[in-house]
Amino acid sequence: MPFNFCPRCGGELVLREKDDGRLRPVCARCGYTLYANPALAVGVIVTDEQNRVCLIERGEEPRKGFWGLPAGFMEGDESAEEGAVRECLEETGLEVALDGLHAVYSYQHATRNTSGLLILYRAHIIGGEPRAGTDTTDVKFFAADEIDVGLLAFHTHREALEKWRAEFA
Ligand SMILES: [Zn+2]
């Protein structure tokens, strides 16, 4: 159980079996049930006019020094599409327009007891200049045969790029 105290009243959380048969943290004081819903992440496969893919070198843990697609967690006041465009601008300096949904991936971090959903769009550049941004140390474009999947930070990004290679390279 990743949390010990109720986010609503600060009371102690205890594990109780709920109607659906799952053990869930429930507040012993106010009865609030803490649901461990997946985090929502959004990102983009951005290609340039030579059909090369934009990847970023990660400057932060987890997987610092590995490469990945521009992606990050959605804010509560934006759509998935807005979040994907925002994350790309923050991490690469590039303004992009989305071309459609690429794929959706579920992931689990067993060691950190978290899970998430990654929504990826394909996109093209409409402005800006590539530069390392927040949480990134480099931004580069790679042709399909230049991408070293061993240097990618996350298995979801590997799967997404393999799907892109099969369909668009
Ligand atoms: Zn409570």
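Everything below is about the structure shown above.
Here the structure is a predicted model, which is why all the values come from computation and not from measurement.

S.K.: Hey, could you run me through the packing of aromatic side chains in this one?
M.R.: Across all of its chains, the model carries one aromatic pair by this definition. Where W67 meets F142, the ring centres are 5.4 Å apart and the plane angle is 80 degrees; that geometry is what we call edge-to-face. In this pair, W67 sits in strand β5 (residues 67-68) while F142 sits in strand β9 (residues 136-142), placing the two residues 75 residues apart along the sequence. In terms of burial, W67 and F142 fall into one category: buried. One Lys or Arg, R63, reaches over the ring of F66 and ends 4.1 Å from the middle of that ring.

S.K.: Is there a simple way to think about the environment of T136 in this case?
M.R.: Turning to its location among the elements, T136 is positioned in strand β9. In this structure T136 comes out as buried when scored by relative accessible area, which is 7%. Measuring from C-alpha to C-alpha, the distance between T136 and K64 comes to 9.0 Å, with 72 residues separating the pair along the chain. Every residue in contact with T136, bar those within four places of it in the chain, is listed here: I56, E57, G59 and E91. For T136, the side chain forms a polar contact with the main-chain oxygen of E91, separated by 3.0 Å.

S.K.: Can you help me understand the coordination of the zinc ion in this one?
M.R.: Tetrahedral coordination by four donors sets the ideal angle at the metal to 109.5 degrees; octahedral coordination by six donors sets it to 90 or 180 degrees. The protein atoms donating to the zinc ion are C6 (SG), C9 (SG), C27 (SG) and C30 (SG), with metal-donor distances spanning 2.3 to 2.4 Å. Around the zinc ion sit four donor atoms, and with donor-metal-donor angles ranging over 100 to 115 degrees the site reads as tetrahedral. Each donor residue of the zinc ion belongs to the same chain, with the gaps between them written as C-x2-C-x17-C-x2-C. Residue C9 is found in the segment before β1 (13-17), and its partner C30 is found in the loop between β2 (23-27) and β3 (39-47); the two are separated by 21 residues along the sequence. Judged by relative accessible area, which is 36%, C30 ranks as partly exposed.

S.K.: Would you take a moment to explain the pattern of salt bridges for this structure?
M.R.: Between side chains of opposite charge, a pair can form when the charged atoms approach closely. In the structure shown here, the tally under the stated rule is seven salt bridges. Here E87 ties to R86 by a salt bridge, and the two come within 3.1 Å at their closest N and O atoms. Of the two residues examined, E87 and R86, each falls in the buried class. Ionic pairing is found between D138 and K140, a salt bridge with its closest N-O pair at 3.8 Å.

S.K.: What should I look at first to understand helix α2 (residues 155-168) in this one?
M.R.: Helix length check: α2 (14 residues) gives 20 Å between terminal C-alpha atoms against 20 Å at 1.5 Å per residue, within 8%. Elements in contact with the buried residues of α2: β3, β4 (53-58), β5, β6 (71-73), β7 (94-109) and β8 (114-128).

S.K.: I tried to follow the nonpolar core on my own but got confused; where do I start?
M.R.: Buried together is how nonpolar side chains tend to be arranged in soluble globular proteins. If you look at the biggest cluster of nonpolar residues, it comprises 19 residues, and the most contacted ones within it are V53, L55, L69, I147 and L161. Elements with a contribution of two residues or more to this core: β3, β4, β7, β8 and α2. When sequence neighbours within four positions are dropped, the list of residues in contact with L161 reads V53, L55, L69, I147 and L152. Core analysis: the second largest hydrophobic core is formed by 15 residues, C88, L94, Y121 and F141 among them.

S.K.: Could you clarify how one ought to interpret the side chain of E87 in this entry?
M.R.: Relative to the elements of secondary structure, E87 occurs in helix α1 (residues 80-92). Under the relative-accessibility criterion, E87 is labelled buried at 8%. Not counting chain neighbours up to four residues away, the residues in contact with E87 comprise V42, A71, G72 and F73.

Conventions we followed
Residues numbered from 1 in each chain as written. Predicted model: local features only at pLDDT ≥ 70, side-chain atom pairs only at ≥ 80, totals over all residues. Heavy atoms only, no water. Phe/Tyr/Trp six-rings, centres within 6.5 Å; stacked < 30°, edge-to-face > 60°. Helix = DSSP H or I, 4+ residues; strand = E, 2+ residues; numbered from the N terminus. Buried < 20%, exposed > 50% of the residue type's maximum accessible area, 1.4 Å probe, protein only. Lys NZ or Arg CZ within 6 Å of the ring centre and 35° of its normal. Contact = heavy atoms within 4.5 Å. Polar contact = N/O pair within 3.5 Å; in protein donor to acceptor, adjacent residues only side chain to side chain. Donors = N, O, S within 2.8 Å, 3.2 Å for Na, K, Ca; no water. Tetrahedral: all angles 85-135°; square planar, octahedral: opposite > 155°, others 65-115°. Salt bridge = Lys/Arg side-chain N within 4 Å of Asp/Glu carboxyl O. Expected span 1.5 Å × (residues − 1). Core = buried A, V, L, I, M, F, W, Y, C linked by side-chain atoms within 4.5 Å.

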